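Coordinate analysis (summary)
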Amino acid sequence: MLQAQRHWQWQISSEQNRLVLDMGEMQFCTPYKPRQLTDEALSEPQFNLLDADFYKQVGEYLSTFNLWSDAQICQIALNATAVKHYLKPVLAKSWFFAPYTGRDINQEAIVSLTSQCQSGQFLIVDCADGASVCLCLEPHFALDENLSLKQFEVIKVLNNRIHPILSAQNQQKRA
């Protein structure tokens, strides 16, 4: 995984109409459009200590699963950082997901959400008492027969919709 650098800077790419992270020799393009971003993101802030700390925490956490390459971990962690610090708040859309009725308490940030069409893995980026902002880790996730999420899109759901998955030590890659 790339180490955060002092010279990294968030920018809005007019060519791609997306938030990008300028890393000097290369740029990392997020899927987030300017209309989804806070005013702070539009002012092209430096990749600050809060960003670097969150990026590192997510990267270290994801590496315990042994599911993703370093490049994938970097991609997930950078998108999660952009969501955590620069995405405008979103409304909960819990109606797409089945309630969790089990007894196991979720203690992980990688969770499962189940729509009427499928189950998939998500990363909790921000958790409040009642709801969580979740980053889609699936290449494509069908919410219903008409709507879907692409990888790294976010959705906010009530916490009673979040299904725990196996811990990092027991997680296995699905086919």
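Details of the structure are given in the entry above.
Throughout this description, residue numbers start from 1 for each chain and increase along the sequence as written. At least 70 in pLDDT is required for a residue's local features to be given in this predicted model, at least 80 for side-chain atom pairs to be given and counted, and no such filter applies to totals for whole chains, interfaces and linings, which use all residues. To obtain the side-chain values, all non-hydrogen atoms of the structure were used and water was disregarded.

**Let's talk about the overall build of the protein**
Note the cut-off: Secondary structure elements are taken from DSSP: a helix is a run of H or I of four residues or more, a strand is a run of E of two residues or more, and numbering for both begins at the N terminus. The size measure is the radius of gyration over C-alpha atoms, and the globule rule it meets is 2.2 Å times the number of residues to the 0.38 power. Throughout, exposure labels follow a simple rule: accessible area from a 1.4 Å probe, protein chains only, divided by the maximum for the residue type, with under 20% read as buried, over 50% as exposed, and the rest as partly exposed. Areas reported as accessible are Shrake-Rupley estimates using a 1.4 Å probe. Residue values count occlusion only from the protein chains shown.
Counting its regular elements, the protein contains three helices and ten strands. Order of helices (α) and strands (β) in the protein, N terminus to C terminus: β-β-β-α-α-α-β-β-β-β-β-β-β. Here the protein has a C-alpha radius of gyration of 16 Å; the compact-globule value for 175 residues is 16 Å, and the two agree. Referenced to the eigenvectors of the C-alpha coordinate spread, the extents of the protein come out at roughly 45 × 35 × 30 Å. Residues counted as buried form 43% of the 175 residues belonging to the protein. Of the roughly 9900 Å² of accessible surface on the protein, a fraction of 48% belongs to carbon and sulfur atoms.

**Considering unusual backbone geometry**
It is generally the case that most residues other than glycine have a negative phi and that most peptide bonds are trans. In this model, Asn66 sits at a positive phi of 55 degrees, which is unusual for a non-glycine residue. Secondary-structure assignment places Asn66 in the loop between helix 2 (49-63) and helix 3 (70-86).

**Let's talk about the sheet that holds strand 6 (residues 131-136)**
Condition: We treat two strands as partners when DSSP finds at least two bridges between them. It only takes one pair of heavy atoms within 4.5 Å for two residues to be counted as in contact. Note on definitions: angles span 0 to 180 degrees between N-to-C directions of axes, and those axes are lines fitted to C-alpha atoms, for helices only across the stretch in contact.
Read from one edge of the open sheet, five strands run 9-6-5-4-10, paired in antiparallel fashion. The sheet is open, and its two edges are formed by strand 9 (154-158) and strand 10 (163-164), each paired on a single side. By the bridge criterion, two bridges tie strand 4 (residues 110-114) to strand 10 in an arrangement that is antiparallel. For Val111, the partnering residue across the bridge sits in strand 10 and is Pro164. Its contacts with the sheet place helix 3 against strand 5 (119-127), strand 6 and strand 9, and it is angled at close to 50 degrees to strand 5.

**Observations concerning the packing of aromatic side chains**
We apply this condition: Only the six-membered ring of Trp is used, alongside the rings of Phe and Tyr, when aromatic pairs are assigned; centres must lie within 6.5 Å, and planes under 30 degrees apart are stacked while those over 60 apart are edge-to-face, with the rest tilted.
Using the criterion set out here, one finds eleven aromatic pairs in the structure. Pairing Trp10 with Tyr86 gives two aromatic rings, centres 5.5 Å apart and planes at 55 degrees, and the pair type is tilted. Here Tyr86 lies in helix 3 and Trp10 lies in strand 1 (residues 9-13), a separation of 76 residues in the sequence. Aromatic side chains Phe47 and Tyr55 sit 6.0 Å apart centroid to centroid with 85 degrees between the ring planes, which places their arrangement in the edge-to-face category. Like Phe47, the residue Tyr55 is buried in the burial classification. Chaining the aromatic ring pairs together yields one cluster made of Trp8, Trp10, Phe47, Tyr55 and Tyr86.

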